[in-house]
Each structure stands twice: as C-alpha cells, then as structure tokens.
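# Observations on chain architecture
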Amino acid sequence: MKGSGRPLRLLVFGFDAAEAAQIRRIRSYMECGFEVRAFTMRRDNMNAGFEPFWENVHLSHIRNENFSGRVRAIISSVGKVARNWPVLQGTDVIVARNLDMLAIAAAAQMMITPRPPLIYECLDIHGLMTSGGAKGRLFRAAERRLLARCASLIVSSPAFLRNYFEPVQGWTGASALIENKLWAGPDGPARPTVSGPGGRDKEDAVPLVLGWVGTLRCSRSLALLAAAARQLGLRLRVVMHGAVHHHALPEFDAVLAAHPNMSYAGPYDYPSGLARIYEDCDLVWSQDLWQWGTNSTWLLPNRIYEASYFGCPSIAVAGTETGQRVARGLGWCIPAPSEEALVAFLRGLRPAAVAERRRALLEMPASLFRQTPEEIRDAILLPLGGGNG
C-alpha cells in the first residue's frame, strides 16, 4: 500500500484488547492488508483468557467505573509507550479508540518522525461526555484539544456527528462512517438462502423466541424483556447470548432465576456462532436503552446488522437512530421503550409476518449488513488523501 511496496503500518490504541469489537476491528485491519501494531489496555468484562494475535504491548489493567484509575493508567501508559519507542517507528497512521486512548496516542504521535496522521475512532458517546456537570465540561474541553490534533474522525453512526461532534465539539474536519456491520472476513459464515432452511416460519410456532444478543449491559432492556416474559408467559421465550457486564447488571442472575421462560446461553464464538443463534430466534431486541436521550438514542448497534444478515428481524424504538434504520424493512418499531408497548406488539405479532420479514431481509444485498474491505480501507486512507470520505 505504500510507495515502497511494504504494507501500510497502523499503530492502534485500544481500550480493551479482549473486547469483541476491538478484536473484530484489528482483524479487519489485518485482513485488509495493513500491518498492525497495538498498545492496549485490559478490562475484566470478557474473554479473560484471550491472547492478542497481533503484535501487542499491554499498557495497564483497569476496572470499570474507576475514574481515578483511568487517569493513573493514562499517565503510566505514556511512560510505557515511550519505553517502547522502537515499536512506534515506521508508523504511517495512528488509530485511537475512545478518549483515554486518544490522549495516549497523541503523546505517542509526538515521539514519531515524521509525525503520522492521528485518527480518532468513536463507537459510543460516553455518558460523561454529555453530562452538564463540571466533570463533563472538563472532559469535553480535553476532547476538543485532542480533536485539534486529529486528521480525521471515524464514527459508527451519523447521529454521533449530527448530535455531538459537530454541534457540541465544533468538529469540521474529515470524517468516515464505519457502521457496526458484521466483519466475517473472506471465509466467514455464508448467508442463509431465501428458500433454504432456517428461521421458525411455521404458522403454529409457539412460543415466540425473542433474542438479546451481544454485549449485555442495559438494565432497562433487561427489565423490559423480563416484564414481557412475565406477562406473556408460555407464549414467549427470551434467550440471551453474549457477554454479561455484571457491574452494569448486578440483578442479572436474580432476574433469570425469577423467570422460567428466560434463559442465558452464555458467550459465543464470533462470527462462527452467529448463524445458529439467529436461526433459533424469531426476532431480536436491538434497541439500547442504557444512556437514553444521548448515546442510546444515537447509536447503530451491531445487532441490527448481524440479525439482518442472517434473516432475523429486529425490534427497536421509534424516533431513535436504531429505530429509523430498522424501519427500513429490518423489523418493527414500538412507539416507546415501555412494557405496555412491547407486550402489545408481541401479542399482535403473527408467525406469518415474521416469516415474510425474514424472506425480505434475505433478499436485501449482503453489503448492507456485512463490512467490505473497501469501507475499512477508505476510512484509514482518508487522512492520507486516499479515501472517499
């Protein structure tokens, strides 16, 4: 990719080497032909035994919801980056995901000659960044200063630009959209065929199976699904797959124990485990409610892409970015994130409607739901003048 004939060298700063989305992103960089070196933190949310398959320098172990620990980790990490000065050399582009890593990456950028462009990747707007308090103002000011050092910005939803980066942070620079689509690589799982097996399309399919798949951290979603399970009884089964963030869902085990028609199937292999998960669901709950009115209202979660790729319709809430996307034939929207709205919708849903929506999804182009190498390459090459942003 470089004029010298060698691959373009990316220096990636990641907040958790074992986090599923971070792993997917680095794998996509490598499969697109980039040479990847990374500096990463570790958290205790998931994949405790995971070992990076890329050249990696471990920076620090941090706990969730630990503000002082995050600050100490940033300071100590800058020193560790400096001690690993040889790893930095020859970098063509730096990519930093989340604000903590951007601060470290900006320091690393100063240690490299010639200075490479810095890309800020933001897949969520943390609640702190929209807070009206003194801490929120401080962090927004810090982010604005760091944004001034960035050549481009990668977001996973256009609403992040429209509602936050442009009006709040005054961003006017280059930006690229990399949605949270399925990254399966060249040998990933095949998509079901419209006429092939899969999906529960029998008219007498009872109970209705509603999935909640991915990162399970939203207390409001858990409460909503539990209320639906309680009201609908044997007519509904709620099945959950993925990594449970117990710091955000301390009630998870108790809720499960109290509802015999709710079950947790545990973590899954990505992407090989997805086909079976979505084949066994009639539809999925795709709306995040964790930071309602800000991040949850703006984001586009990976669930809508994965589910749609495998022909499983989504449920979202009208008026959100997720809801607007789901309303384009990917499923159904309820009018409000309430127990009454969800239960009323599920009571009225017929298996024939689910089967019809499944067939319509599988007739849509796979590129709507599956990431292409061109999307990744264009975003990385944008600050070098080679993207289409």
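Definitions and cut-offs
- Along each chain, residue indices are assigned from 1 in the same order as the chain's sequence is written.
- The predicted origin of the model limits local features to residues at a pLDDT of at least 70 and limits the giving and counting of side-chain atom pairs to 80 or more, whereas totals for whole chains, interfaces and linings rest on all residues.
- The basis for every side-chain value is the complete set of non-hydrogen atoms in the structure, without hydrogens or water.
- Helix and strand labels come from DSSP, where a helix needs a run of H or I of at least four residues and a strand needs a run of E of at least two; each type is numbered from the N terminus.
- Values of the radius of gyration come from C-alpha atoms, whereas the globule rule sets the reference at 2.2 Å times the count of residues to the power 0.38.
- Each residue is placed in one exposure class: buried if its accessible area under a 1.4 Å probe, protein chains only, is under 20% of its type's maximum, exposed if it is over 50%, and partly exposed if it falls in between.
- Between two residues, a contact is recorded if the distance between any of their heavy atoms is within 4.5 Å.
- The Shrake-Rupley method, run with a 1.4 Å probe sphere, supplies the accessible areas, and residue values consider only the shown protein chains as cover.
- We score Asp and Glu as negative and Lys and Arg as positive, and we do not count His or the chain ends.
- One atom stands in for each charge, and that atom is NZ of Lys, CZ of Arg, CG of Asp or CD of Glu.
- A strand pair is defined by DSSP finding two or more bridges across the two strands.
- Orientation is described by axes fitted as lines to C-alpha atoms, over the contacting stretch for helices, and by angles from 0 to 180 degrees between their N-to-C directions.
- Among buried residues, those of type Ala, Val, Leu, Ile, Met, Phe, Trp, Tyr and Cys that are joined through side-chain atoms within 4.5 Å constitute a nonpolar core.
- Looking down the strands as they point away from you, a crossover is right-handed if its path from the first strand over the helix to the second goes clockwise.
- Two kinds of site are reported from a 1 Å grid over the protein atoms alone, namely cavities, where a 1.4 Å probe fits but cannot get out, and pockets, open sets with protein on both sides within 12 Å along at least five of seven lines, and residues are called lining when an atom falls within 4 Å of a point.
- Grid points are joined across faces, edges and corners, and a volume is the space filled by probe spheres set on the points.
- Residue polarity is assigned by list, with Asp, Glu, Lys and Arg as charged and Ala, Val, Leu, Ile, Met, Phe, Trp, Tyr, Cys and Pro as nonpolar; anything else, Gly included, falls into the polar class.

### What to know about the overall build of the chain
A tally of helices and strands in the chain yields 15 helices and 13 strands. A compact globule built from 389 residues should have a C-alpha radius of gyration of about 21 Å, and the chain, at 21 Å, falls within 12% of that. In the chain, which comprises 389 residues, the share counted as buried stands at 56%. Sequence-distant contacts in the chain: of pairs separated by 6 or more residues, those separated by 24 or more amount to 71%. Total accessible area on the chain stands at roughly 16,200 Å², and carbon and sulfur atoms take up 54% of it. For the chain, the separation between the mean place of its 43 positive charges and that of its 35 negative charges on side chains is 5 Å.

### Observations concerning unusual backbone geometry
That bond from T113 to P114 is cis: its omega, -5°, falls within 30 degrees of zero. Note that P114 resides in the loop between α4 (99-109) and β5 (118-122). Of the consecutive residues Y270 and P271, the connecting peptide bond is found in the cis state with omega at 0°. Relative to the elements of secondary structure, P271 occurs in the loop between β10 (262-264) and α9 (274-279). With a phi angle near 85°, N98 is a residue other than glycine that sits in the positive phi range. Structurally, the position occupied by N98 is in the loop between β4 (93-97) and α4. The class for N98 is partly exposed, based on a relative accessible area of 22%.

### Re the sheet that holds strand β7 (residues 174-177)
With parallel pairing, the seven strands of this open sheet are ordered in space as β3-β2-β1-β4-β5-β6-β7. The two strands at the open ends of the sheet, each matched to only one other strand, are β3 (55-61) and β7. Shown here is a sheet whose adjacent strand axes are inclined to one another by a mean of 20°, direction ignored. When β4 meets β5, the two strands line up parallel, connected through four bridges. Its bridge partner being in β5, A96 is matched across the sheet by Y120.

### With respect to the sheet that holds strand β12 (residues 314-317)
Taken in spatial order, the six strands make up an open sheet running β10-β9-β8-β11-β12-β13, and their pairing is parallel. At either margin of the open sheet sits one strand with a lone partner, and together these are β10 and β13 (331-334). Averaged over all neighbouring strand pairs, the angle between strand axes comes to 30°, with direction disregarded. Where strand β8 (residues 208-216) meets strand β11 (residues 283-285), two bridges bridge the pair, whose relative direction is parallel. The residue bridging G211 from the neighbouring strand is V284, located in β11. Together, β8, β9 (236-244), β10 and β11 form the strand contacts of helix α7 (residues 219-232), whose direction differs from that of β9 by roughly 155°. Taken strand by strand, helix α11 (residues 302-309) contacts β8, β11 and β12, and its axis lies near 135° from that of β8.

### Topic: the nonpolar core
Core analysis: the largest hydrophobic core is formed by 49 residues, its most contacted members being L10, Y29, F34, Y278 and I380. Elements with a minimum of two residues in this core: β1 (9-14), α1 (20-31), β2 (35-42), β4, β8, α9, α11 and α15 (373-381). Once you skip the residues sitting within four places of it in the chain, L10 turns out to touch Y29, F34, E35, V36, R37, V93 and I380. Formed by 42 residues, the second largest nonpolar core is a distinct cluster that contains F13, L88, I94 and C122.

### Focus: the pairing of β5
Counting buried positions over the five residues of β5 gives five, a clear majority of the element. Residues L118, Y120 and C122 of β5 are buried on one face, and the alternating residues I119 and E121, pointing to the opposite face, are buried as well. With α4 bridging β4 and the parallel β5, this β-α-β connection has right-handed handedness. Across four bridges, the pairing between β5 and strand β6 (residues 152-155) is parallel. Following the sheet pairing, Y120 is matched in β6 by L153. Crossover connection from β5 via helix α5 (residues 134-147) to parallel β6: handedness right-handed.

### Observations concerning the side chain of Q169
Tracing the backbone through its elements, the reader meets Q169 in the loop between α6 (158-165) and β7. With residues up to four places along the chain from it excluded, the contact list for Q169 reads R140, E143, R144, L147 and Y164.

### Here we look at empty space enclosed by the protein
One pass over the full model with this rule turns up one cavity of 30 Å³ or more. For the largest cavity, the calculated volume is near 110 Å³. The wall of the largest cavity is formed by A21, R24, R25, L123, E179, N180, K181, W183, Y270 and Q371. Classifying every residue of the lining of the largest cavity by side-chain character gives four nonpolar, two polar and four charged.

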